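So the chains spell out like this:
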Amino acid sequence: PIYLAGAVEAWKQAQTSDPHYVKPYESLTTMADRKGDWAESEKYSRMWIALDPEDFPGAYLLNAVANARLSKPEQAEKAAREGLRLDKEQRIPRMQYVLGLILMDKKQYTESAQCFRKYLELAPNAGDAAIVRQQLPRLEELAAAPRPGR
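Since this is a predicted model, take the numbers as computed values, not measurements.

Caption draft 1: Representation of the nonpolar core. Counting 13 residues, the largest nonpolar core has Leu-61, Ala-64, Ala-80, Val-98, Leu-99 and Ile-102 as the members making the most contacts within it. Top element by residues in this core is helix α6 (residues 94-105). It accounts for 5 residues. Residue contacts for Ala-64: discarding those within four places in its chain leaves Ala-76, Ala-79, Ala-80, Val-98 and Ile-102.

This is how it looks when you write it as structure tokens:
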């Protein structure tokens, strides 16, 4: 939609005129995430985190998602773990889910299952909770299976 393009331009102008104002980074990151523009989402969330690394755990969630979508699992995991560290009140349950997915891709099934269980504990009625409940037994089975070199 045309109004979104105008909003993006306005936020980019605000960001350029005052690079220390957090709101444009938050809005630009969120808009890029919604569009599925992972490179932009990663860039703006990284800038947002650099500007205020302690007060916005949601920036780390969006950064983790963008990095995961860009096939950068190490950066994605680091962002998700840092977001969890900052989210002391556990207000962003999705962070657990995203870290669980990242760890599942890395075949770290035990910790992935722990993240999924925590997600379901924090957000039992989430829109994707039923899917997570279905995935969990298979994940626990993989976690319990002997692996070479273990």
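Caption draft 2: Spotlight on the pattern of salt bridges. By the definition in use, this model includes 13 salt bridges. A salt bridge links Glu-77 to Lys-106, with the nearest nitrogen and oxygen atoms 2.3 Å apart. You can see Glu-77 sitting in helix α5 (residues 73-86) and its partner Lys-106 sitting in the loop between α6 and α7 (109-122), a full 29 residues away along the chain. Of the residues examined, Glu-77 reaches a relative accessible area of 11% and is grouped as buried. Taking the shortest distance from any N to any O, the salt bridge between Lys-118 and Glu-121 comes out at 3.2 Å. Within this pair, Lys-118 and its partner Glu-121 are both found in helix α7, separated by 3 residues, close to a single helical turn. Residue classification places Glu-121 among the exposed residues on the basis of a relative accessible area of 56%.

Caption draft 3: Inspection of unusual backbone geometry at higher detail. If you check the backbone angles, Ser-71 has positive phi at about 60° while not being a glycine. Here Ser-71 shows up in the loop between α4 (57-69) and α5. At Lys-107, a residue that is not glycine, the phi angle is positive and equals roughly 65°. By the secondary structure assignment, Lys-107 is in the loop between α6 and α7.

Caption draft 4: Highlighting the packing of α6 against α7. As a packed pair, α6 and α7 sit with axes 8 Å apart at the nearest point and diverge in direction by 160°. As far as their axial angle goes, α7 and α6 are roughly antiparallel. By crossing handedness, the relation of α6 to α7 is classed as left-handed. Across from Arg-94, Gln-96, Tyr-97, Leu-99, Gly-100, Leu-101, Leu-103 and Met-104 in α6, the residues of α7 making contact are Tyr-109, Glu-111, Ser-112, Cys-115, Phe-116, Lys-118, Tyr-119 and Leu-122. Partitioned by chemical class, the residues of the contact of α6 with α7 number 10 nonpolar, 3 polar and 3 charged.

Caption draft 5: Quick peek at the packing of α4 against α5. Their axes nearest at 8 Å, the elements α4 and α5 cross at an angle of 165°. The angle between α4 and α5 falls in the class roughly antiparallel. Our pair here, α4 against α5, has a crossing hand that is left-handed. Facing Pro-57, Tyr-60, Asn-63, Ala-64, Asn-67 and Ala-68 of α4, the residues of α5 in contact are Gln-75, Ala-76, Ala-79, Ala-80, Glu-82, Gly-83 and Leu-86.

How each quantity is defined
- The residue numbers shown here count from 1 along each chain, following its written sequence.
- pLDDT decides what is reported in this predicted model: residues at 70 or higher carry local features, side-chain atom pairs at 80 or more are listed and counted, and totals for whole chains, interfaces and linings draw on all residues regardless.
- With hydrogens and water stripped out, all remaining heavy atoms of the structure feed into the side-chain values.
- Definition of nonpolar core: a set of buried residues of the types Ala, Val, Leu, Ile, Met, Phe, Trp, Tyr and Cys, connected through side-chain atoms within 4.5 Å.
- For the exposure calls, accessible area comes from a 1.4 Å probe over protein chains only, and a residue counts as buried if that area is under 20% of its type's maximum, exposed if over 50%, partly exposed in between.
- Strands here are runs of E lasting at least two residues and helices are runs of H or I lasting at least four, both read from the DSSP assignment and numbered beginning at the N terminus.
- Contacts are assigned to residue pairs with any non-hydrogen atoms lying within 4.5 Å of each other.
- Put simply, a salt bridge is a Lys or Arg side-chain nitrogen that is within 4 Å of an Asp or Glu carboxyl oxygen.
- Helix axes are fitted to C-alpha atoms over the stretch in contact, other axes to C-alpha atoms as well, and angles between N-to-C directions run from 0 to 180 degrees.
- Here the word oblique covers every angle except those under 35 degrees (roughly parallel), over 145 (roughly antiparallel) and from 65 to 115 (roughly perpendicular).
- Note on convention: the crossing is left-handed when the near helix lies turned anticlockwise from the far helix by less than a right angle, right-handed when the turn is clockwise.
- Residue classes follow a fixed rule: Ala, Val, Leu, Ile, Met, Phe, Trp, Tyr, Cys and Pro count as nonpolar, while Asp, Glu, Lys and Arg count as charged, and any other residue, Gly among them, counts as polar.

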